[in-house]
Amino acid sequence: MTGMRDQTKTILDRAVLEAEVDRIVLAAERAGVTVRVVGSLGVSIHCHAAVALLPSFARTYADIDLVGYRREARDLTSVMTALGYAEDREIFITSEGYRAIYQEVARRIHVDVFFDRLEFCHTIPIAGRLAVDRPTIPLAELLLTKLQIVRINEKDVVDVALLLLEHPPGSGDAETIDVGRIARLCAEEWGLWRTLSMNLEKLEALVGGYTQLSADQRELVRNRARAIKAAIDAEPKPIPWRVRARVGDRRQWWADVEEVR
């Protein structure tokens, strides 16, 4: 995910990585292990129609990001080893079991696995959510992995635009973005609300310049971004949220993310 890598990436063919996601998820399922893909590959896999636009955005891919449950970490390592991957054990130890990195040296495929939570600029809980969709995490969390990036770059903005182009905000997870879940998470943390608000405004500003999209498509993305913003603003906020809101931007509201590769 953006913000989590250094600049030594190997650019790989998206089709190769998507096929590898299928191979890993299937092998894990056969072993009784649940893993789901997140990040930009999750977007490309979930956006069946909008994916045709990716070449026009010159979108590149370098690795695979997965999320799973920490209680299954040992079994996942057995699965990955059988598939030809080697684990960087130090990462698992230093992260206290919340992260693992695997390398498939022959094809230079790098797989990053996060356990029990997606912890970046903000923490996105995934308890009970991995069974909702396959092979990706649910659309609400998939969108959140992009919108939670404080220093969001244009590649991630493009991913957000493609998600919103193909999936409307709604209730539940049946090919809709569960905006109620996003709003509830934002009501639990002022900082998450602040970052999402900032990035939805940035999306509205940038999407007008995406000539790869038609005028109607650009307006559709804007309207859906506005609907999400309206929902997170309208969700009732508890007292701790309101207290933190008074401090506002005077205090850093996000976690700094360390590079690991």
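Residues numbered from 1 in each chain as written. Predicted model: local features only at pLDDT ≥ 70, side-chain atom pairs only at ≥ 80, totals over all residues. Heavy atoms only, no water.

Visitor: Where do I start with helix α3 (residues 73-82) in this structure?
Guide: One turn of the α-helix equals 3.6 residues, which is why residues spaced by three or four share an orientation. Ala 73, Leu 76, Thr 77, Val 79 and Met 80 are the residues of α3 that are buried. The buried side chains of α3 occupy one side of the element, clustering within an arc of 160° when seen end-on. Along α3, exposed side chains directed more than 90 degrees from the buried face belong to Arg 74 and Ala 82. Considering only its buried residues, α3 is in contact with α1 (14-30), β1 (35-38), β3 (86-87), α4 (89-94), β4 (99-104) and β5 (109-115). Of the residues flanking the end of α3, it is Gly 84, one or two places downstream, whose phi is positive at about 100°. (Buried < 20%, exposed > 50% of the residue type's maximum accessible area, 1.4 Å probe, protein only. Helix = DSSP H or I, 4+ residues; strand = E, 2+ residues; numbered from the N terminus. Arc of directions from axis to C-beta. Contact = heavy atoms within 4.5 Å.)

Visitor: Before we go on, may I ask you to explain the pairing of β1 in this structure?
Guide: Residues Val 35 and Val 37 point to one face of β1 and Arg 36 and Val 38 to the other, with burial holding for every one of them. Alignment of β1 against strand β2 (residues 64-68), held across 4 bridges, turns out to be antiparallel. Pairing of Val 35 across the sheet is with Gly 68, part of β2. (Pairing = 2+ DSSP bridges.)

Visitor: Please clarify how the pattern of salt bridges should be interpreted in this entry.
Guide: Pairs can form between side chains of opposite charge once their charged atoms are near each other. Inspection of every chain in the model, using the stated rule, returns 20 salt bridges. Of the charged contacts in the structure, one is a salt bridge between Arg 117 and Glu 119, with a shortest N-O distance of 3.1 Å. On the basis of relative accessible area, Glu 119 is assigned to the partly exposed category, the value being 41%. In this structure, Arg 226 engages Glu 204 in a salt bridge whose closest nitrogen and oxygen atoms are separated by 2.8 Å. Of this pair, Arg 226 sits in helix α9 (residues 215-234) while Glu 204 sits in helix α8 (residues 190-207), and the two are 22 residues apart along the sequence. Looking at Arg 226, the relative accessible area reads 37%, which means it is partly exposed. One network of salt bridges, with partners in common, ties together Glu 20, Arg 23, Glu 104 and Arg 107. (Salt bridge = Lys/Arg side-chain N within 4 Å of Asp/Glu carboxyl O.)

Any functional reading would require information that these geometric values do not contain.
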